[in-house]
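Take a look at the letters that make up each chain.
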Amino acid sequence: MLDFQQADDGTVTGVATESGVIPAAKVILASGGFGASQELLTQYIPAVADVHFPGHHGSTGDGIKMGLTVGAAVENMASFQPYPAHIGPGMRSVSPEVIMAGGIMVDPQGKRFVDETRYPGGLSNGILQLPDKQAYEILDKRLYELLPHYLEEFFTSGLLRQALTSWDLAGKLGIDAEGLEQTVEDYNGLAGVGPDRFGRTPPEPFKAPYYGIRVKAALYHTQGGLKVNTDGQVLRADGSIIPNLYAGGGVATGVSGAGMEGYLPGNGQLASLGLGMLAAEHAAASLMA
Ligand SMILES: Cc1cc2nc3c(=O)[nH]c(=O)nc-3n(C[C@H](O)[C@H](O)[C@H](O)COP(=O)(O)OP(=O)(O)OC[C@H]3O[C@@H](n4cnc5c(N)ncnc54)[C@H](O)[C@@H]3O)c2cc1C
């Protein structure tokens, strides 16, 4: 971890490294979030401290810790982007399209627990409440034939199980057969008629063969961080600016708000590219002023 060099009034004047101080007229932090820090996850988002983080191992929150040492405020530290259909380390995840085109998720009792189209936040939140933070994604012949490019690999590797009845599929997945059979019956009964008790209208009834795959919740990126203004300048708790210090991307508060349901596709990259550009433009302009 690095430290800042500061003037007496708090102005950041450089970065202290293991090989000495690097003086800097402006410092822009771009060191990412804290998805790889057990310490910070346990402190701020304990619900995902034990789920897999497939992001960069360097996401240890160093920039956030550095900011805190010079009095920066942090914001939305419990906010994160989850993923509800993760398979395991080094493996592809199941695409959201399977759910959006009609797939469902069930618990070990074979029961649905949420409107699955609340992707990724609402669905992940449901999975995080289940034993081992895992669920079973269920689909049918139509979905398999619609999305073979996403699904074939899972089928040939044996992860995606297939059966002619929902009862037999439950057996192959190791979940409650009566529960799954009832779930599929209820789902089919509401297809095109809906909405179900979660507010979702199934597009079409499931048809055999049925398919199912065990999925887990994963952490894709943390969305809280150093509090910044719209120029990427790092702020103290009283709203004052820490002169010459900027932050963009995962090290700064993102645009997804608090909690996990504010993420929209692209929000992570937006905070990196957008805030990074705004910070760089402001820093350059103030040096030339
Ligand atoms: C599987 C997956 C899928 C995702 N999908 C999406 C998506 O579809 N859309 C989206 O918007 N976002 C997505 N994200 C999130 C997105 O990847 C991040 O929000 C984004 O990469 C953050 O960019 P960054 O530049 O802030 O940080 P990073 O890309 O994490 O880069 C920070 C760098 O700083 C380095 N660093 C940290 N500390 C130090 C230190 N002390 N000294 C030197 N270097 C240091 C790190 O090693 C790292 O290389 C996804 C994330 C994952 C894991």
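Rules used throughout
Residues numbered from 1 in each chain as written. Predicted model: local features only at pLDDT ≥ 70, side-chain atom pairs only at ≥ 80, totals over all residues. Heavy atoms only, no water. Near = heavy atom within 4 Å. Polar contact = N/O pair within 3.5 Å; in protein donor to acceptor, adjacent residues only side chain to side chain. Areas by Shrake-Rupley, 256 points an atom, 1.4 Å probe, with all protein chains shown as cover. Helix = DSSP H or I, 4+ residues; strand = E, 2+ residues; numbered from the N terminus. Nonpolar A, V, L, I, M, F, W, Y, C, P; charged D, E, K, R; others polar. Buried < 20%, exposed > 50% of the residue type's maximum accessible area, 1.4 Å probe, protein only. Arc of directions from axis to C-beta. Salt bridge = Lys/Arg side-chain N within 4 Å of Asp/Glu carboxyl O.

### Examining the site of the ligand
So, point 1. With respect to spatial proximity, 20 residues lie near the ligand, and among them D62, G250, G268, Q269 and S272 are the closest.
So, point 2. Y263 places a polar side-chain atom, nitrogen or oxygen, 3.0 Å from a nitrogen atom of the ligand.
So, point 3. In the environment of the ligand, an oxygen atom lies 3.0 Å from a nitrogen or oxygen atom belonging to the backbone of G268.
So, point 4. Alone, the ligand offers 1,000 Å² of accessible surface; in the complex the protein occludes 62% of this.
So, point 5. Mapped onto the shell around the ligand, the elements with two or more residues apiece are β10 (210-222) and α9 (267-288).
So, point 6. In terms of residue count, the dominant contributor to the shell around the ligand is α9 (four residues).
So, point 7. Along the lines of polarity and charge, the residues of the shell around the ligand split into four nonpolar, 15 polar and one charged.

### Examining helix α7 (residues 166-173)
In an α-helix, one turn spans 3.6 residues, which is why side chains three or four residues apart end up on the same side.
So, point 1. Along α7, the residues classified as buried are S166, L169, A170 and L173. The buried residues of α7 occupy one face: seen down the axis, they fall within an arc of 105°.
So, point 2. In the segment just after α7, G174 is the residue with positive phi, at about 75°.

### Points about the pattern of salt bridges
So, point 1. Considering all chains together, one arrives at nine salt bridges under this definition.
So, point 2. Here K65 makes a salt bridge to E39, at a shortest N to O gap of 3.4 Å. One end of the pair, K65, is in helix α2 (residues 62-69); the other, E39, is in helix α1 (residues 38-44), with 26 residues separating them in the sequence.
So, point 3. We classify K65 as partly exposed; its relative accessible area is 22%.

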